[in-house]
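Architecture and fold: a report
Here is how the chains run, residue by residue.
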Amino acid sequence: MPVVFFVTSNQHKFQEVNTIFTQHTSIQLKLIQKSIIEIQSFDLEEIAFFSLEKCTQDFHERPIFVEDSGLFIDQLNGFPGPFSAYIFKTIGLKGILTLMQHVNNREAFFQSSIALKIDDCIEIFTERVKGKISRNISESGWGYDPIFIPECDGIHSFGDLGPKKNSISHRYLATLKLIRFLEDHLFEMN
Ligand code: IMP
């Protein structure tokens, strides 16, 4: 069976992507556990592209991909966006809710951008999921999951949705695009 390599140090991302692969394709996912040095940019696709370029200098396995993601809050002009990991570690969920204390428009979206190197080409797959920032922090979930209520549910946070998150999330949609592309490419070659 064909194999594809995912470079990440984030276990949550790997678990989510691995579950999607298991449910939707016979292509096997292999983890390369490594922190990736990211460029500074407002554009997640650009960050993913350059992260992949760096990874492919260090790792020669193919096909290989990275994923960059973030939460963009409308009323904060897209903040924390590409700085999501840093902001989570510094002001955290409480800090975001404090910034949003007097904000009525709570619309936001999550974006996932995957950069794949196959042969000598780089392909980018991006998807977004719209939702709202809650007023409370729910108990379950990682990262911003406890404060993001996806539009398609409207009540529960990603955290509260448990495994169901993995059939509606930005990462799910971007990973499905990746899987479709890989299947077309890898099975066509065999
Ligand atoms: P990066 O993609 O490694 O730059 O990290 C993006 C950051 O955005 C993560 O560390 C999380 O804080 C946040 N994030 C991205 N996707 C999700 C998600 O699906 N749930 C919760 N937080 C997320």
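In this report, the structure presented in the accompanying data block is examined. Please read these numbers as outputs of a predicted model, since none were measured by experiment.

Before going further, it helps to spend a moment on the nonpolar core. Ranked by internal contacts, the top residues of the largest apolar core, which has 20 residues, are V4, F21, L29, F65, L116, L178 and L182. Breaking this core down by element, the ones donating at least two residues are β1 (3-8), α1 (11-24), β4 (107-118) and α6 (170-189). With 7 residues, α6 is the single largest residue contributor to this core. Counting 18 residues, the second largest nonpolar core, distinct from the first, contains L93, V103, V129 and Y144.

Among the 12 residues of β4, 11 are classified as buried, and the element is accordingly described as predominantly covered. Pairing of strand β3 (residues 64-73) with β4 involves 10 bridges; the strand directions are antiparallel. Considered in β4, the bridge of E67 is made with I114.

Conventions adopted
Residues numbered from 1 in each chain as written. Predicted model: local features only at pLDDT ≥ 70, side-chain atom pairs only at ≥ 80, totals over all residues. Heavy atoms only, no water. Core = buried A, V, L, I, M, F, W, Y, C linked by side-chain atoms within 4.5 Å. Buried < 20%, exposed > 50% of the residue type's maximum accessible area, 1.4 Å probe, protein only. Helix = DSSP H or I, 4+ residues; strand = E, 2+ residues; numbered from the N terminus. Pairing = 2+ DSSP bridges.

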